[in-house]
Amino acid sequence: MNNRTFTMIKPDAFSKGYSGLILDRIIQAGFKIIAVKMTRLSPEKAGEFYAVHRERGFYQELVDFMSSGPIIAAILEKSNAVADFRTLIGATDPAKATEGTIRKLYAASVGENAIHGSDSNENAKIESDFFFSVLERY
Ligand code: GDP
């Protein structure tokens, strides 16, 4: 999976109508969409997805936010996908994100930061398998 990563357009960006603009930026940056779906996480599923942050002070806030409305989940393909996508989305805190990155353009805060991108090849596979069956990938 070195050439694949996983992303979610989070509920804040979705509800503000940024999904089309964000998907366009992703495609223009050279990523191919291998799988995509619109869905909504239950609090249980959001908690499972972010289980690694269970002990953090913001965990409940994160679970509430990620289950607050629809998201768009996708698997993306490109050489060096994980690192290149992290560069495209920018720092976790949009105030610290580089100009022109997706979070700089579309995120409001460190919690409601518009988009997710896997942080390793291993997590890209785990997160892709969390959302997509083999039959949903093209
Ligand atoms: P990422 O890999 O850039 O998404 O950042 P992390 O793995 O550190 O955090 C995962 C997600 O938790 C972030 O994208 C934010 O949505 C959320 N998060 C991180 N730090 C905070 C925080 O201080 N407060 C809140 N409310 N959410 C946070």
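Residues numbered from 1 in each chain as written. Predicted model: local features only at pLDDT ≥ 70, side-chain atom pairs only at ≥ 80, totals over all residues. Heavy atoms only, no water.

So, on to the site of the ligand. Around the ligand, a shell composed of K10, H53, F58, E61, L62, R86, T92, R103, V110, G111 and N113 is seen. At 2.9 Å, a backbone N or O of G111 approaches an oxygen atom of the ligand. For the ligand, an oxygen atom lies 2.9 Å from a polar atom in the side chain of N113. Out of a free accessible area of 550 Å², the ligand has 80% covered by protein chains. Of the residues contributing to the shell around the ligand, the split by class is 3 nonpolar, 4 polar and 4 charged. (Near = heavy atom within 4 Å. Polar contact = N/O pair within 3.5 Å; in protein donor to acceptor, adjacent residues only side chain to side chain. Areas by Shrake-Rupley, 256 points an atom, 1.4 Å probe, with all protein chains shown as cover. Nonpolar A, V, L, I, M, F, W, Y, C, P; charged D, E, K, R; others polar.)

As a further point, take the nonpolar core. Within soluble globular proteins, side chains that are nonpolar tend to cluster in buried spots. Counting residues in hydrophobic clusters, the biggest one holds 18 residues, and the most contacted among them are F6, M8, L41, Y50, M66, F131 and F132. Top contributing element to this core by residue count: helix 4 (residues 59-66), with 5 residues. Excluding residues that lie within four positions of it along the chain, F132 makes contacts with F6, A35, V36, K37, A73, A74, I75 and R137. Formed by 17 residues, the second largest nonpolar core is a distinct cluster that contains I9, I72, L76 and I102. (Core = buried A, V, L, I, M, F, W, Y, C linked by side-chain atoms within 4.5 Å. Buried < 20%, exposed > 50% of the residue type's maximum accessible area, 1.4 Å probe, protein only. Helix = DSSP H or I, 4+ residues; strand = E, 2+ residues; numbered from the N terminus. Contact = heavy atoms within 4.5 Å.)

The next point concerns the packing of aromatic side chains. The full count for this structure, using the stated rule, is 9 aromatic pairs. Residues F6 and F49 carry aromatic rings whose centres are separated by 6.0 Å and whose planes lie at 50° to one another, so their mutual orientation is tilted. One end of the pair, F6, is in strand 1 (residues 4-9); the other, F49, is in helix 3 (residues 43-49), with 43 residues separating them in the sequence. Across this residue pair, the class does not change: F6 and F49 are buried. For the ring pair F49 and F131, a centre distance of 5.9 Å and an interplane angle of 65° mean the geometry is edge-to-face. Within this pair, whereas F49 is found in helix 3, its partner F131 is found in helix 7 (residues 121-131), the two being separated by 82 residues in sequence. (Phe/Tyr/Trp six-rings, centres within 6.5 Å; stacked < 30°, edge-to-face > 60°.)

None of the figures reported here should be taken as evidence of function without further support.
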